[in-house]
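Observations on the three-dimensional arrangement
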Amino acid sequence: MTILVIGAGVAGLSAAHDLAQAGEAVTVLEARDRLGGRVYTRHDVASFPIEFGAELIHGDRVVTWDWVRRLGLHILNWPKQDESLVRMEDGRWLTMRQACDQDPDFALTRTWARDFPTPQDGESFAAYLERVGFSAEQIRYVRRSFGNALGEDIDLVDARAALDEIQDKESGKGDFRLVEGYSAFYNALAEGLDIRLNCVVQRITWGAAGVEVLCADGQRHQGQAAVVTLPLGVLQSGAVCFEPELPVDKQAALAGLRMGASIKMIYVFEQPITEPHIMAIYSRLNPPTWWSPSAGRDVPGQVWTAFISGNWARQLLALGEEGALQAGLDALRQELGRPDLQPVARYLQNWPQDPFTLGGYSVVKAGHYGAREKLAAPTPPLFWAGEASARTHQAATVHGAYLTGRRAAAEILAWSGR
Ligand SMILES: Cc1cc2nc3c(=O)[nH]c(=O)nc-3n(C[C@H](O)[C@H](O)[C@H](O)COP(=O)(O)OP(=O)(O)OC[C@H]3O[C@@H](n4cnc5c(N)ncnc54)[C@H](O)[C@@H]3O)c2cc1C
């Protein structure tokens, strides 16, 4: 059987890997001139890899650890205790450990250590938090930290879906960085596969006879089945045309999800700007979250990355690239009381304006719990993968994307009777 896989991000590569292992003929069609999609490791910015997309392994029990072990990769742990600084709402600087010990209201927004009532249908996460008694200050902490990580403003996100993510017990604890860079993982997944780069898919014709894909350069590819891993933003934009149109259920699934806005701003400093053990800063300003990919490495200088989502990201992007980078630097200078800080290089990775992503990662819109499962449902000969189609607690992650690729590969093999 010939199978087309659309997209060489982690979902596409994992589907193609499994299908190739099962002996199928697989061709991966990728619009960019590189692999990895939203996992984008750059080796030309510093003396060590810098992540412009996904950076962390979220959880000590997730499936990507199998690859870490298999490839013998090294890991840096981010414990979020004494090495992370928090600017409290009252202006104090505390370490994360001190903040949690000294302020139980803050601690609740980090640990979620209490029983939470079931959200109501259609309730946004922000409305839910207010209803269950979070103070205005606690909600501000949630917006700054968990809300930012969620990838979109908490007023827009379904409360039940948000709680699924927070209360995810399957993935384990902690956040970990790959010393060799995430590229080690996606390059290993891609090994031996037939991957066509610079192949911008424009039209997917599907039916009982199989699938035909038309690319922007006029090339056509045929297969008995296809795995679609296009990012939610691309699917929603209509940039890729499906003939015939997708079924109503699939369109409803797409309408029930929202592509969040996430960006990264990366600053390279010749000298350390904090004490060397400091790994992260939770700021009261915009950007709200900073971390240092150089922490824990024996390298000269320091690199700091700002991770910004939702309204925070839109506010910065409205300033244009230079304006956003300057605003980020000004905020860092103000928080550290260091007006003299001057990076030797700075970068904005603008995922929402990247035509092959059109956003950061997906969230479930308030009132649309279950949309991810609908997006995942096979419509043979089309099969669906990609982070947006992951189980709710795994969506918006690398391990989630990986698992959707494996799921789609298994679905194709079952459908074809293998
Ligand atoms: C800023 C940021 C930070 C993140 N941080 C983390 C993190 O720390 N940890 C974590 O686990 N996750 C993180 N994520 C989420 C993670 O990156 C994604 O969930 C995951 O990489 C998605 O993989 P995917 O294969 O579903 O999609 P993608 O990686 O987007 O792959 C889809 C592929 O389709 C291609 N494509 C698009 N249009 C076309 C077309 N017309 N024709 C052909 N190909 C096309 C794209 O170029 C891309 O390669 C982050 C994401 C962002 C944006």
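Model, not experiment: these values are computed from the prediction. (Residues numbered from 1 in each chain as written. Predicted model: local features only at pLDDT ≥ 70, side-chain atom pairs only at ≥ 80, totals over all residues.)

**A short note on the domain arrangement of the protein**
Note: interface size is frequently given as the accessible area lost on complex formation between the parts. What counts, and what does not: Domain delimitation follows an automatic or database domain assignment. Residues are defined as contacting one another if the C-beta atoms placed from their backbone atoms lie within 7 Å. Helix and strand definitions follow DSSP, with helices as H or I runs of at least four residues and strands as E runs of at least two, each counted in order from the N terminus. Polarity classes work like this: nonpolar for Ala, Val, Leu, Ile, Met, Phe, Trp, Tyr, Cys and Pro, charged for Asp, Glu, Lys and Arg, and polar for all others, with Gly in that last group.
Segmenting the protein into domains produces domain 1 (2-37 + 183-259 + 361-415), domain 2 (41-79 + 175-181 + 261-353) and domain 3 (97-166). Each of domain 2 and domain 3 has a C-alpha centre, and the two are 24 Å apart. Listed by partner, the interface residues are 11 residues for domain 2 and 7 residues for domain 3. Of all elements in the fold, only strand 20 (302-309) and helix 11 (310-317) reach the threshold of two or more residues within the side of domain 2 that touches domain 3. In terms of residue class, the side of domain 2 that touches domain 3 is made up of 6 nonpolar, 5 polar and no charged.

**Quick notes on the sheet that holds strand 23 (residues 382-384)**
Sheets are built from strands paired through backbone hydrogen bonds, the pairs being either parallel or antiparallel. Here is the rule we go by: We call two strands paired when DSSP finds no fewer than two bridges between them. Fitted lines through C-alpha atoms serve as axes, helices being fitted only where they are in contact, and the angles separating the N-to-C directions of these axes extend from 0 to 180 degrees.
What the 5 strands build is an open sheet, ordered 10-2-1-14-23; its pairing is parallel. Pairing within the sheet leaves two strands with one partner each, and these edge strands are strand 10 (194-196) and strand 23. Pairwise comparison of adjacent strand axes, ignoring direction, gives a mean angle of 25° for this sheet. Two strands pair when backbone bridges link them, and strand 14 (residues 225-228) and strand 23 are joined in this way by 3 bridges, in the parallel orientation. The partner of Ala226 across the bridge, within strand 23, is Leu382.

**Focus on the environment of Ser135**
The test is simple: Using C-beta atoms placed from the backbone, we call a residue buried if 20 or more other C-beta atoms fall within 10 Å of its own, exposed if 12 or fewer do, and partly exposed for counts in between.
Looking at the element boundaries, Ser135 is found in the loop between helix 5 (125-131) and helix 6 (136-150). For Ser135, a count of 13 C-beta atoms within 10 Å corresponds to the partly exposed category. Ser135 sits 30 residues away from Asp105 along the chain, and the two C-alpha atoms are 8.6 Å apart.

**Regarding the site of the ligand**
To keep it simple, the criterion reads: Put plainly, near means the residue's C-beta atom, positioned from the backbone, lies within 6 Å of the molecule or strand in question.
Taken together, 39 residues lie around the ligand, and Gly7, Gly9, Ala11, Gly37 and Ala54 are the ones closest in. Listed by contribution, the elements that provide at least two residues to the shell around the ligand are helix 1 (10-21), strand 5 (56-58), strand 17 (262-269) and helix 14 (398-415). Among the elements that make up the shell around the ligand, the one with the highest residue count is helix 1 (3 residues). Looking at the shell around the ligand, you find at least three residues from each of domain 1 (2-37 + 183-259 + 361-415) and domain 2 (41-79 + 175-181 + 261-353).

**Details of the sheet that holds strand 11 (residues 201-207)**
Taken in spatial order, the 4 strands line up as 13-12-11-15 in an open sheet, and their pairing is mixed. If you trace the sheet from one side to the other, it starts and ends with strand 13 (220-223) and strand 15 (241-243), each paired once. Sheet twist, expressed as the average angle between the axes of neighbouring strands with direction ignored, equals 15°. Across 4 bridges, the pairing between strand 12 (residues 210-215) and strand 13 is antiparallel. Bridge pairing in strand 13 links Glu212 to Gln222.

**Some remarks on the nonpolar core**
In plain terms, the rule: The nonpolar core criterion groups buried Ala, Val, Leu, Ile, Met, Phe, Trp, Tyr and Cys residues into a set whenever they are joined through C-beta atoms within 7 Å.
Among the nonpolar cores identified, the biggest contains 112 residues, and Ile3, Val5, Ile6, Ala15, Val157, Ala226 and Val227 are the most heavily contacted of them. Looking at this core, the element that brings in the most residues is helix 14, giving 7 residues. For Ala226, the contacting residues outside a window of four places in its chain are Ile3, Leu4, Ile6, Ile204, Val211, Val213, Pro381 and Leu382.

**Description of unusual backbone geometry**
Look at the link from Glu243 to Pro244: it is a cis peptide, with omega at -5°. Positionally, Pro244 belongs in the loop between strand 15 and helix 10 (248-256). Between Pro380 and Pro381 the backbone carries a cis peptide bond, its omega angle lying at 10°. Here Pro381 shows up in the loop between helix 13 (371-376) and strand 23. In the Ramachandran plot, Lys80 falls in the positive-phi region, its phi being about 55° despite a non-glycine side chain. Within the element layout of this structure, Lys80 appears in the loop between strand 6 (75-78) and strand 7 (84-87). Phi at Asn198 takes a positive value of approximately 55°, unusual for a residue other than glycine. The exposure class assigned to Asn198 is partly exposed, which follows from the 13 C-beta atoms found within 10 Å.

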